[in-house]
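Per-entry structural report
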Amino acid sequence: MSPTLFLCLLVSLPLVGAVLLTVSRQPTRARLMATGTAALTLLLAVAAPHLAGGTSTSTGLAVPWLSATVHLGVDEPSARALPLIALLTLVTLIASPRQDSHRQVLTALLLTESATLGFFCAHDVLPRLLFFLAMAVPIARGRHTPSAGRAVRVYLLIGTLPVLLSLAMLGWHAGTRTPFLSPEEFASRLPHGWRPGLCALLLIGICARLAVVPFHSWLPVVLTRGPLGVGVLWMNLAASLHLLTHVMRPLFPAEWDAVAPVLGSLGAGAALYGALLALVQTDLRRMLAFLLVSQSGLLLAGVALGGSTGLPGAWLQCLAMGIAFTGLELLVRAIEARTGTTDLDTRHGLITRAPRMATTFLLLGLGALGFPGTLGFVSEDLLLRGTLGAHPLLALPLLPALALNAITLVRAFQRAFLGPRPRGTPSTEDLLPRERWTTLALVVLLCVAGSPPAQDSSGPISLRLLEELGERVVQQRLAGLHVPAGAEKGQPDALANAHLGLFHLLPRHPRPSQSPHQHVTHESPERRSSVTVDELPLVSLREALSPEVEVQVRE
């Protein structure tokens, strides 16, 4: 099977499952059908980076009536996002209470999964925007109360209309001959007079979908009064973040440089505002909703202000947030199904009746607040180093925001699970096996992803971090500019210097074409050996290291 057909199968499988759910009348059969579809989609999503990774954009799916080709593929961000999208969908279907698993909810979840997978598999601008618009339909048509439904639709309409108008303008400019273009190709053809207006329209739509202040009011309503969980909301947040980094930045490079500080300040302020609102909540669902608002602002600040260090940190934070908050929201729904409420003022002492639930909540909460050894710790460290190193004043609100988020989660655990048990309270059932194993899988994933794996298809994880974070320091040392030990303390490149200690740079024999001015110098054992090059071209670190040195990972 060709990579393009494989990706088409991956995107269409949840859509087919959603269509089949419309003819199923039995709730149990519908739930089993949705779970089986999600499990099969997870298998395909895990295999996608290996079977379709690095697909060339010169091939794709032909559209005969347009005489054009839709380019599909799996790049590095998509390779990380696709398995997690499928995993969170499957976990939500398995662990959700049965009273929340209506056929309409299951259909909305599968439709959102299909649109999100299509968004991350598409390489062209117009298909990505179409999938981005389609992701909002299940949320708008979800089962809400009348007042909540109107509020959600109004805010989603505010975010959808600017994107729809941008899509129409880009499609009209591209025409029928070349409707599917990458962001770089569009940037070279787009009239300069259109750029500021299109950039503003897309930013309004993305900020509304990210639930950034002042477009945040729809998210607490959906999470508090609607049946859709954090998994669906996280898919929209991840797609918005990907649209910022992989469409907006290459499509409007000059406009992005001008608006990035403003977006970063908006994101930092939204992070602090959401953290303050989460701190004063007395309902677990609303608390999680405003924590998500705070996390959205954190992601926006990392993308806009973080540079080459904060951008990977923002993506890792997005992945960690999806894992941790999906598990926390499933536990909150389990508490509500057993006690009938999520009010923190009336529920105490659950740890004596549901110890497994309390332990899992604590572990997921620690992962959400960035406890050492979890993925959240790595992501927050990279994000803060990037943002504070580049724009310390603009990113300053992120520090109290993260501190308040940690206080909020610890207080929620203390108020819900600790303390004396109220008199006359009926016994509460602990986590069921399906709830226990799914939430435990999320805890394990947070811890495993936060530890350095041995190897993957792209090499050691420490080498990839060295390429991303230590580029300047390594280039200096390759150019013969020896940086004394301790000189970089407190600098943004300190983490890159720490990764340098994981490697031995062992010289090989020089190539026959090597210039006599290029040489390898050996220093005393107290100092690192370095490679000095008189004229070093601006190439990637792997290209610079591979011809002359051998990289070994220290045990």
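Conventions we followed
- Residues numbered from 1 in each chain as written.
- Predicted model: local features only at pLDDT ≥ 70, side-chain atom pairs only at ≥ 80, totals over all residues.
- Heavy atoms only, no water.
- Helix = DSSP H or I, 4+ residues; strand = E, 2+ residues; numbered from the N terminus.
- Buried < 20%, exposed > 50% of the residue type's maximum accessible area, 1.4 Å probe, protein only.
- Contact = heavy atoms within 4.5 Å.
- Areas by Shrake-Rupley, 256 points an atom, 1.4 Å probe, with all protein chains shown as cover.
- Salt bridge = Lys/Arg side-chain N within 4 Å of Asp/Glu carboxyl O.
- pLDDT = per-residue confidence, 0-100.
- Phe/Tyr/Trp six-rings, centres within 6.5 Å; stacked < 30°, edge-to-face > 60°.
- Lys NZ or Arg CZ within 6 Å of the ring centre and 35° of its normal.
- Patch = residues over 30% accessible without salt bridge, like charges linked within 9 Å, V, L, I, M, F, W, Y side chains within 5 Å.
- Axes fitted to C-alpha atoms, helices over the stretch in contact; angles between N-to-C directions.
- Parallel < 35°, antiparallel > 145°, perpendicular 65-115°, else oblique.
- Left-handed = near helix turned anticlockwise from the far one by under 90°.
- Nonpolar A, V, L, I, M, F, W, Y, C, P; charged D, E, K, R; others polar.
- Expected span 1.5 Å × (residues − 1).

**Some points on the overall build of the chain**
Secondary structure assignment for the chain yields 23 helices and six strands. The 555 residues of the chain split such that 53% are buried. Taking contacts inside the chain between residues at least 6 apart in sequence as the whole, the part at least 24 apart equals 81%. Here the chain has roughly 23800 Å² of accessible surface; of this, 65% comes from carbon and sulfur atoms.

**Side note on the pattern of salt bridges**
Summed over the entire model, instances satisfying the criterion amount to six salt bridges. With a closest N to O distance of 2.8 Å, R80 and E76 form a salt bridge. A residue pair is termed a helical-turn pair when its members lie 3 or 4 positions apart in one helix, as R80 and E76 do in helix 3 (residues 76–95) at four residues. Owing to a relative accessible area of 33%, R80 belongs among the partly exposed residues under this scheme.

**Describing the confidence of the model for the chain**
On average, residues of the chain score 77 in pLDDT, and 74% of them are at 70 or above. Across residues 453–470 the pLDDT falls below 50, and counting only partners more than four positions away or on other chains, this stretch makes 34 contacts in the model. Throughout residues 482–555 the model reports pLDDT below 50, and contacts reaching past four residues in sequence, or to other chains, amount to 112 contacts.

**Quick word on the packing of aromatic side chains**
Summed over all chains, the structure comprises five aromatic pairs. Their ring planes at 50 degrees and their centres at 5.2 Å tell us that F361 and F417 sit as a pair that is tilted. With F361 in helix 16 (residues 355–368) and F417 in helix 18 (residues 398–417), the pair connects residues that are 56 residues apart, well separated along the chain. Each member of the pair F361 and F417 is classed as buried. Cluster of aromatic residues (ring-pair linked, three or more members): F119, F120 and F132. When the ring centre of F132 is taken as reference, the NZ or CZ atom of R209 above it lies at 4.1 Å.

**Re a nonpolar patch on the surface**
Together, W437, L440, V444 and V448 make up a nonpolar patch on the protein surface, roughly 400 Å² of accessible area in all. Structurally, the position occupied by V448 is in helix 19 (residues 433–450).

**Regarding the packing of helix 11 (residues 230–251) against helix 13 (residues 284–305)**
Between helix 11 and helix 13, whose axes approach to 11 Å, the crossing angle comes to 15 degrees. What the angle tells us is that helix 11 and helix 13 run roughly parallel. The interaxial crossing formed by helix 11 with helix 13 has right-handed handedness. Taking contact as the criterion, the partners of V230, L233, L237, L241, L244, T245 and R249 in helix 11 are, on helix 13, L292, S296, L299, L300 and V303. A per-class count over the contact of helix 11 with helix 13 returns nine nonpolar, two polar and one charged.

**Focus: unusual backbone geometry**
For the bond running from V213 to P214, omega is 10 degrees, close enough to zero to count as cis. At A211, a residue that is not glycine, the phi angle is positive and equals roughly 60 degrees. Looking at where A211 falls in the secondary structure, it is placed in the loop between helix 9 (195–209) and helix 10 (218–225).

**A look at the environment of T107**
Here T107 is to be found in helix 4 (residues 103–121). Look at T107 and you get buried, because its relative accessible area is 14%. Sequence-wise, T107 and L20 are 87 residues apart; in three dimensions their C-alpha atoms are separated by 9.1 Å. Look past the residues within four positions of T107 in its chain and what remains in contact with it is A18 and L21.

**Comments concerning the environment of G306**
Along the chain, the position of G306 falls in the loop between helix 13 and helix 14 (307–339). What makes G306 buried here is its relative accessible area of 6%. Taking the C-alpha atoms as reference points, G306 and G389, 83 residues apart in sequence, are found 8.0 Å from one another. Look past the residues within four positions of G306 in its chain and what remains in contact with it is A301, L311, G386 and T387.

**Examining helix 14**
Under the 1.5 Å per step criterion, the end-to-end length of helix 14 is 46 Å for 33 residues, consistent within 8% with the ideal 48 Å. Here helix 14 lies mainly inside the structure; 27 of its 33 residues are buried. Among the residues trailing helix 14, G340 stands out with phi positive, at a value near 85 degrees.

**Quick word on the side chain of T116**
Structurally, the position occupied by T116 is in helix 4. The buried category is assigned to T116, whose relative accessible area is 0%. Apart from residues lying up to four places away in sequence, T116 is in contact with I85, M135 and M235.

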